[in-house]
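In case you want the letters, here they are:
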Amino acid sequence: MPREAPDPVVKPTQDEDVWEHVAAMDEFKLLLIAKAEFVIPAVVVFVVYYFLLPISVGYFPEVMDKRVGPVNLAYLFALSQCFVAWLIAALYVRGARKFDDFGSRILNHLEKRDAERLKELQ
Amino acid sequence: MSLTLVLFLAFIAVTLGITYWAAQRSKGAGAYFAAGRRITAWQNGVAVAGDYMSAASFLGIAGLIAFFGYDGFMYSVGWLVAYLTVLLLVAEPLRNAGKYTMADVLAYRLSPRPVRAMASMSTLTVSTFYMIAQMVGAGALVTLLLKDSGIKFQYAVIGVGLLMIVYVVFGGMLATTWVQIVKAILLMSGTILLSILVLAHFGFSFGSFFEAVSRVKVGIDPNTGADVTKDFLQPGLRFKPPYGALDLISLGMALIFGTAGLPHILVRFSSTRCRTRRLRGTA
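Values in this document were obtained by computation on a predicted structure and should not be read as measured data.

Cut-offs applied
- Residues numbered from 1 in each chain as written.
- Chains lettered and ligands numbered in written order.
- Predicted model: local features only at pLDDT ≥ 70, side-chain atom pairs only at ≥ 80, totals over all residues.
- Heavy atoms only, no water.
- Patch = residues over 30% accessible without salt bridge, like charges linked within 9 Å, V, L, I, M, F, W, Y side chains within 5 Å.
- Areas by Shrake-Rupley, 256 points an atom, 1.4 Å probe, with all protein chains shown as cover.
- Salt bridge = Lys/Arg side-chain N within 4 Å of Asp/Glu carboxyl O.
- Helix = DSSP H or I, 4+ residues; strand = E, 2+ residues; numbered from the N terminus.
- Axes fitted to C-alpha atoms, helices over the stretch in contact; angles between N-to-C directions.
- Parallel < 35°, antiparallel > 145°, perpendicular 65-115°, else oblique.
- Left-handed = near helix turned anticlockwise from the far one by under 90°.
- Contact = heavy atoms within 4.5 Å.
- Nonpolar A, V, L, I, M, F, W, Y, C, P; charged D, E, K, R; others polar.
- pLDDT = per-residue confidence, 0-100.
- Pairing = 2+ DSSP bridges.
- Core = buried A, V, L, I, M, F, W, Y, C linked by side-chain atoms within 4.5 Å.
- Buried < 20%, exposed > 50% of the residue type's maximum accessible area, 1.4 Å probe, protein only.
- Phe/Tyr/Trp six-rings, centres within 6.5 Å; stacked < 30°, edge-to-face > 60°.
- Buried area = accessible area lost by both parts, 1.4 Å probe.
- Polar contact = N/O pair within 3.5 Å; in protein donor to acceptor, adjacent residues only side chain to side chain.

A grouping of Ile 55, Tyr 59, Phe 60, Val 63, Val 68, Leu 73, Leu 76, Leu 79, Phe 83 and Trp 86 of chain A together with Tyr 243 and Leu 246 of chain B is seen on the molecular surface, where their side chains present a nonpolar patch of about 1200 Å² in accessible area. Elements represented by at least two residues in the nonpolar patch include exactly helix 2 (26-59) and helix 4 (73-121) of chain A. Ranked by the residues each element gives to the nonpolar patch, the list is headed by helix 4 of chain A, at five residues. Inspection of the secondary structure assignment puts Leu 246 of chain B in helix 10 (residues 244-258).

Right under this line is the structure:
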């Protein structure tokens, strides 16, 4: 793959220390915590809820074949998977606004830092 | 010329038209592999749906449900939940890094050459097995659709393969995305229409529909002459003891973790411009 041509003016954000600088920022730590706080429980919930279906259908077929109205328990449980999936996706879209907020704050901060450095250089 | 042949040729003409239009527009690697990141969230969302709704989901799952009832239905549930794996575990880190492919992300952090070699090998392996199944399905379908013109299975497979190569080589990601969008809309409207027709057959009553499903006539008892029926609501028609439960669990694992790793789904997340767009697309 061909290397991209280097920028004519080297921006201060391309300094080696920018990654460490961002990693040390409070906003960045909060962003990572906020993401982990949502993503980890969400993954656990949907994986556990999903595997309850094959486990219950596989080990307790008689219970799951019990008729509820026109259908049986197994079909209702399978249908409920759709609603749980939509719910988690909707919650994620809501949570992602918070993540984006942290992200744009970090970017703003870096741009300010760049501007200050440029002034110092001049 | 039969109606099926006309519709089939019309679909090929429209998709080749899209490919020609995209080929005019795609300049450079960014435009080719990631559609210049100009695809919007809705377009990409519909295209992900198109990627998901392959011959396997429509013909395979419909066939499995027809033969095995509930156990076939388990496939579609797994595929649906797999969207969450894609959203939470794959889409986010991949697009954040701003790279085209999974290999780019890994190579960015790690030693590039061995990572790229391994990633290419795994992509080719997964794609090969996936393609074989899709090509066999497509070949069988084309042979069936164009039965009147007497096309042989081998030629159908070769024809489908050539078309795929033309779409991808000349159109790149922009054309594939639009072809997927056209496909997704066609498939979804077809499915909705079929569901309405089936429900109309049962007088729009879910009660009588499921009643019929639970008593499907599968033959006639040779001794008594009475109808032999089978209950297609009941689980366990395919996955039987002693290992049926384990089969179901391993199937579930393959579906919800495996689908997210399909290469053509992974590259799709590079084709939208900003993060929120992509997230909305996945949701």
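After that view, the rundown keeps rolling.
Moving on, we come to the packing of helix 2 of chain A against helix 10 of chain B. The N-to-C vectors of helix 2 of chain A and helix 10 of chain B enclose an angle of 155°; their axes lie 8 Å apart at closest approach. Considered as vectors, helix 2 of chain A and helix 10 of chain B are oriented roughly antiparallel to each other. In this structure, helix 2 of chain A crosses over helix 10 of chain B, and the sense of that crossing is right-handed. Between helix 2 of chain A and helix 10 of chain B, the contacting residues are Phe 46, Val 47, Tyr 50, Phe 51, Pro 54, Ile 55, Val 57, Gly 58 and Tyr 59 of chain A on the first element and Ala 245, Leu 246, Leu 248, Ile 249, Gly 252, Met 253, Leu 255, Ile 256 and Phe 257 of chain B on the second. Broken down by class, the residue content of the contact of helix 2 of chain A with helix 10 of chain B amounts to 16 nonpolar, two polar and no charged.

A low pLDDT score tells you not to read the predicted coordinates there in detail. Residues and elements named next belong to chain A. Summing up the model confidence of chain A, the mean pLDDT is 80 and the portion of residues at 70 or higher is 87%. By mean pLDDT, the top-scoring element of chain A is helix 2 (89), and the lowest-scoring one is helix 1 (residues 18-24) (79). Predicted confidence is poor over residues 1-13, with pLDDT under 50, and the contacts of this stretch with residues over four places away or in other chains come to eight contacts.

All names here are of chain B. Sheet topology note: the strand 1 (residues 216-220)/strand 2 (residues 227-230) ladder contains four bridges and is antiparallel. Across the sheet, Ile 220 pairs through a bridge with Asp 227, a residue of strand 2. The antiparallel hairpin formed by strand 1 and strand 2 contains six residues in its connecting segment, where Gly 225 sits at a positive phi of about 80°.

What follows concerns the nonpolar core. With 56 residues, the main nonpolar core has Phe 46 and Leu 53 of chain A together with Tyr 70 and Leu 88 of chain B as its most contacted residues. Those elements that provide at least two residues to this core are helix 1, helix 2 and helix 4 of chain A together with helix 3 (41-52), helix 5 (70-96), helix 9 (206-214) and helix 10 of chain B. Considering each element in turn, this core owes the most residues, 13 residues, to helix 4 of chain A. Excluding residues that lie within four positions of it along the chain, Leu 53 of chain A makes contacts with Ala 74, Phe 77, Ala 78 and Gln 81 of chain A together with Tyr 70, Met 74 and Val 77 of chain B.

Right, let's get into the packing of helix 7 (residues 112-145) of chain B against helix 8 (residues 153-201) of chain B. All names here are of chain B. As a packed pair, helix 7 and helix 8 sit with axes 8 Å apart at the nearest point and diverge in direction by 120°. Between helix 7 and helix 8, the crossing angle belongs to the class labelled oblique. Between helix 7 and helix 8 the crossing geometry is right-handed. From helix 7, Met 131, Met 135, Val 136, Ala 138, Gly 139, Ala 140, Val 142 and Thr 143 reach across to helix 8, where they touch Phe 153, Ala 156, Val 157, Val 160, Gly 161 and Met 164.

What follows deals with the pattern of salt bridges. It is possible for side chains of opposite charge to pair when their charged atoms get near one another. All names here are of chain A. A complete count under the given rule lists three salt bridges over all chains for this structure. The partner of Asp 65 in a salt bridge is Arg 67, and the shortest N-O contact between them spans 3.1 Å. Exposure remark for Arg 67: the relative accessible area of 38% places this residue in the partly exposed category. Two residues, Asp 101 and Arg 105, come together in a salt bridge whose shortest N-O distance is 3.4 Å. Of this pair, Asp 101 and Arg 105 both sit in helix 4, four residues apart, which is roughly one turn of that helix. Owing to a relative accessible area of 39%, Asp 101 belongs among the partly exposed residues under this scheme. Look at Arg 105 and you get partly exposed, because its relative accessible area is 40%.

Here the focus is the packing of aromatic side chains. If you walk through the whole model with that rule in mind, you get 14 aromatic pairs over all chains. Seen in terms of ring centroids, Phe 202 of chain B and Phe 209 of chain B are 5.4 Å apart; in terms of plane orientation they differ by 75°. Their pairing is edge-to-face. Looking at Phe 202 of chain B, the relative accessible area reads 25%, which means it is partly exposed. Aromatic side chains Phe 209 of chain B and Phe 210 of chain B sit 5.1 Å apart centroid to centroid with 70° between the ring planes, which places their arrangement in the edge-to-face category. Ring-pair connections join several aromatic residues into one group, and the members of that group are Tyr 75 of chain A together with Tyr 70, Phe 73, Phe 202, Phe 206, Phe 209 and Phe 210 of chain B.

The next subject is the interface of chain A and chain B. Interfaces are often sized by the accessible area lost when the parts come together. Taken together, the 35 residues of chain A in the interface contact 39 residues of chain B. For the chain A and chain B pair, buried surface summed over both sides reaches about 3200 Å², with 77% attributable to carbon and sulfur atoms. Counting the surface chain A buries against chain B, the share from its top three residues, Tyr 50, Tyr 75 and Tyr 92 of chain A, is 21%. Where chain A touches chain B, the interface holds one salt bridge. For the salt bridge of Arg 67 of chain A with Asp 231 of chain B, the shortest nitrogen-to-oxygen distance reads 2.7 Å. On inspection of chain A and its partner chain B, the count reaches two residue pairs in polar contact (both at pLDDT 80 or more).

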